[in-house]
Each structure stands twice: as C-alpha cells, then as structure tokens.
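Reading the structure
Residues per chain, in single letters:
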Amino acid sequence: LDEGEEALRAGDVERAEALIAQAVDEITLQPEFDGQKGEAARAMLEKVRLQRKRLAEARSQRIRDESQRRAADELERHARNEYQQVQTILRKSSEFLRQREYLKTIEACERILEIDPNNRVAKFWISDAKDQILRERRLKLIGDRVDAVKLSREKFTEASIPYEDAFVFPDEED
C-alpha cells in the first residue's frame, strides 16, 4: 500500500493502481487486518482509478484536439492551394479572352467552376465568351450572305451580256 502511494506521488498512476489493487486483494483475503485500513485502501484504489480515468480522458482529448488542429491546417492548406489554382486559371482565361480565343476561355472557366462552383468571374466570362461566339457567328453569317448576294448579282450581270460569237468547244477550234 505504501509503495502504491509512492508511485501515485511519483505520477505513475498505472503502477500505483496495480500495487494498491494488490494490497486491497491481500487485505480482503486476510481477515486479521483492520477494517478501517481496508476501507482506506479501497478508497485509495477508487481515487487512483478515477485519476487514471481522468488522465485517459485528458489524453484522448489532447489527441482529438491535435487531430482537429491538423485537419483544420490541412483544410486551410487545401483552400490556399485551390485559391492559387483558381487565380492562375483566371489569369489564363483573361489572356484567352483578350486574344479572342473564346472556346479556350470557356474551357478554362469550366475548370475554375469545377474547383470553385460559385466563382462569379468564371460564370460571367463563360457567358461573355458564349455571347461573343454567337456574335462572331452572326457577323460571319451576315458577311457570307452579303458575299452571296454580290456573287449572284455578278453572275446575273455576266449572264445578261449577249454573246454574238457562237460557242466553240476547245477541241473543235480548227
């Protein structure tokens, strides 16, 4: 029992518990021991067990706190990495937009939205790039129609000029 108390004072709770539990068992098995001393030993054993339980809970809490801190650090590091990726892709998208490479702009902004689905700039640039693609297609279509009308007028004018010479096939020119 005295060795258990010494171990408890030294901070070795597990050893103290083992020694005091052994002393309580010996006191219980030997009826000639004083009953008050047996009660004191049992009380001390309960105290040691309570202290061991508190230490285990404190250890578990420290482990939980450490794992939560590490998880928070990892999340923060991941968020910083994602932010840097988004900023890099936004710069590329901006360059594509300036160079009027609208399909590349759309692709880059879609990659941004995979990382950050709420990115307003990427959403706006996708919308703008699609509008620009439609505008370019309309302008090309209008230009093609104007060219077609010019060609048809030229052919019509050319076809309306009378030819007085008879048409001769090239192999019949002799």
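Only a predicted model underlies this, so the values are computations on that prediction, with no experimental measurement involved. (Residues numbered from 1 in each chain as written. Predicted model: local features only at pLDDT ≥ 70, side-chain atom pairs only at ≥ 80, totals over all residues. Heavy atoms only, no water.)

1. A look at the overall build of the protein
- Across its full length, the protein carries five helices and zero strands.
- Traced from its N-terminal end to its C-terminal end, the protein shows the element sequence α-α-α-α-α.
- For the protein, restricting intrachain contacts to residue pairs at least 6 apart in sequence, the fraction spanning at least 24 positions comes to 49%.
- Roughly 14200 Å² of accessible area belongs to the protein as shown, and the carbon and sulfur atoms make up 52% of that amount. (Helix = DSSP H or I, 4+ residues; strand = E, 2+ residues; numbered from the N terminus. Contact = heavy atoms within 4.5 Å. Areas by Shrake-Rupley, 256 points an atom, 1.4 Å probe, with all protein chains shown as cover.)

2. Observations concerning unusual backbone geometry
- At arginine 100, a position not held by glycine, the phi torsion is positive, near 60°.
- Within the element layout of this structure, arginine 100 appears in the loop between helix 3 (35-98) and helix 4 (102-115).
- We classify arginine 100 as exposed; its relative accessible area is 61%. (Buried < 20%, exposed > 50% of the residue type's maximum accessible area, 1.4 Å probe, protein only.)

3. Re the environment of serine 94
- Turning to its location among the elements, serine 94 is positioned in helix 3.
- Residue classification places serine 94 among the buried residues on the basis of a relative accessible area of 18%.

4. Comments concerning the pattern of salt bridges
- Enumeration over the complete set of coordinates arrives at ten salt bridges.
- The closest approach of N and O atoms between glutamate 76 and arginine 80, which form a salt bridge, is 2.9 Å. Pair noted here: glutamate 76 and arginine 80 are both in helix 3, with a separation of four residues, about one helical turn.
- One network of salt bridges, in which partners are shared, links Glu66, Arg69, Arg70 and Asp73. (Salt bridge = Lys/Arg side-chain N within 4 Å of Asp/Glu carboxyl O.)

5. Remarks on helix 4
- Spanning 14 residues, helix 4 covers 20 Å between terminal C-alpha atoms, matching the ideal 20 Å at 1.5 Å per step.
- Those residues of helix 4 not exposed but buried are Tyr102, Thr105, Ile106, Ala108, Cys109 and Ile112. (Expected span 1.5 Å × (residues − 1).)

6. Details of the confidence of the model for the protein
- Looking at the protein as a whole, its pLDDT mean stands at 85, while 90% of the residues score no less than 70.
- Taken element by element, the protein is modelled with least confidence in helix 1 (residues 2-10), mean pLDDT 76, and with most confidence in helix 4, mean pLDDT 94. (pLDDT = per-residue confidence, 0-100.)

7. Quick look at helix 2 (residues 13-29)
- The end-to-end C-alpha distance of helix 2 is 24 Å, a good match for the 24 Å that 17 residues give at a rise of 1.5 Å each.
- Buried residues of helix 2: Val13, Ala16, Glu17, Leu19, Ile20, Ala21, Ala23, Val24 and Ile27, and no others.

8. Section: the nonpolar core
- In terms of nonpolar packing, the biggest core is built from 14 residues, with Leu90, Leu97, Tyr102, Cys109, Ile112, Trp125 and Ala129 touching the most fellow members.
- Those elements that place two or more of their residues in this core are helix 3, helix 4 and helix 5 (120-160).
- The residues contacting isoleucine 112, other than those within four sequence positions of it, are Val86, Ile89, Leu90, Ser93, Asn119 and Ala122.
- Core analysis: the second largest hydrophobic core is formed by twelve residues, Ala16, Ala21, Val24 and Val48 among them. (Core = buried A, V, L, I, M, F, W, Y, C linked by side-chain atoms within 4.5 Å.)

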